[in-house]
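A look at the structure
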Amino acid sequence: MYVLQPEQGRYTALSAVCPHAQCVVNPPKDGKLICPCHGSQFDASTGALLVGPATLGLANYEVTKEGGSLRLGAKKS
């Protein structure tokens, strides 16, 4: 799981597992998460698929801030 802050005050959590072959994607770099196994690329702020062979984006989860803590919520549909 990667917890990211794409803009000030907004947080998102993305699965670190590529839906193509269940490899762990590399940490975000230049706005992308890249799967080292087959090269699929995902948008680091939304998890959307940018380049296959994966056919789905990364699972995306709600994140809320409570005081100084972040809380992981339900998977977004």
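In short, a report on the structure.

Rules behind the numbers
- For every chain, the first residue of the written sequence is number 1, and numbering continues from 1 along that sequence.
- pLDDT decides what is reported in this predicted model: residues at 70 or higher carry local features, side-chain atom pairs at 80 or more are listed and counted, and totals for whole chains, interfaces and linings draw on all residues regardless.
- Side-chain numbers here rest on the full set of heavy atoms in the structure, without hydrogens or water.
- In plain terms, two cysteine sulfur atoms within 2.5 Å form what is called a disulfide here.
- At least two DSSP bridges between two strands are required for those strands to pair.
- Every helix listed is a DSSP run of H or I at least four residues long, and every strand listed is a run of E at least two residues long, numbered separately from the N terminus.
- Orientation is described by axes fitted as lines to C-alpha atoms, over the contacting stretch for helices, and by angles from 0 to 180 degrees between their N-to-C directions.
- Using a 1.4 Å probe on the protein chains alone, a residue whose accessible area is under 20% of its type maximum counts as buried, one over 50% counts as exposed, and one in between counts as partly exposed.
- Put simply, a salt bridge is a Lys or Arg side-chain nitrogen that is within 4 Å of an Asp or Glu carboxyl oxygen.

Observations regarding the state of the cysteines
Per the stated rule, a full pass over the model turns up one disulfide. Lacking any disulfide linkage, C18 is separated from the closest cysteine sulfur, that of C35, by 3.9 Å.

Side note on the sheet that holds strand β6 (residues 60-66)
Taking strand neighbours across the sheet as the criterion, the four strands line up as β1-β2-β6-β7 in an open arrangement whose pairing is antiparallel. Pairing within the sheet leaves two strands with one partner each, and these edge strands are β1 (2-7) and β7 (69-75). The mean angle between the axes of side-by-side strands here comes to 35°, regardless of whether they run parallel or antiparallel. Two elements, β1 and strand β2 (residues 10-14), share four bridges in a ladder whose sense is antiparallel.

Details of the pairing of β2
In terms of burial, β2 is a largely internal element, four of the five residues being buried. The sheet contact formed by β2 and β6 spans two bridges and is antiparallel. If you follow L14 over to β6, its bridge partner there is N60.

Regarding the pattern of salt bridges
Oppositely charged side chains may form a pair once their charged atoms are brought near each other. The final tally for this structure, using the stated rule, is two salt bridges. Between R10 and E7 there is a salt bridge, with the nearest N and O atoms lying 3.8 Å from each other. Exposure remark for E7: the relative accessible area of 46% places this residue in the partly exposed category. For E66, the salt bridge is made with R71, and the minimal N-O distance between the two is 3.8 Å. The class of E66 is partly exposed, set by a relative accessible area of 42%.

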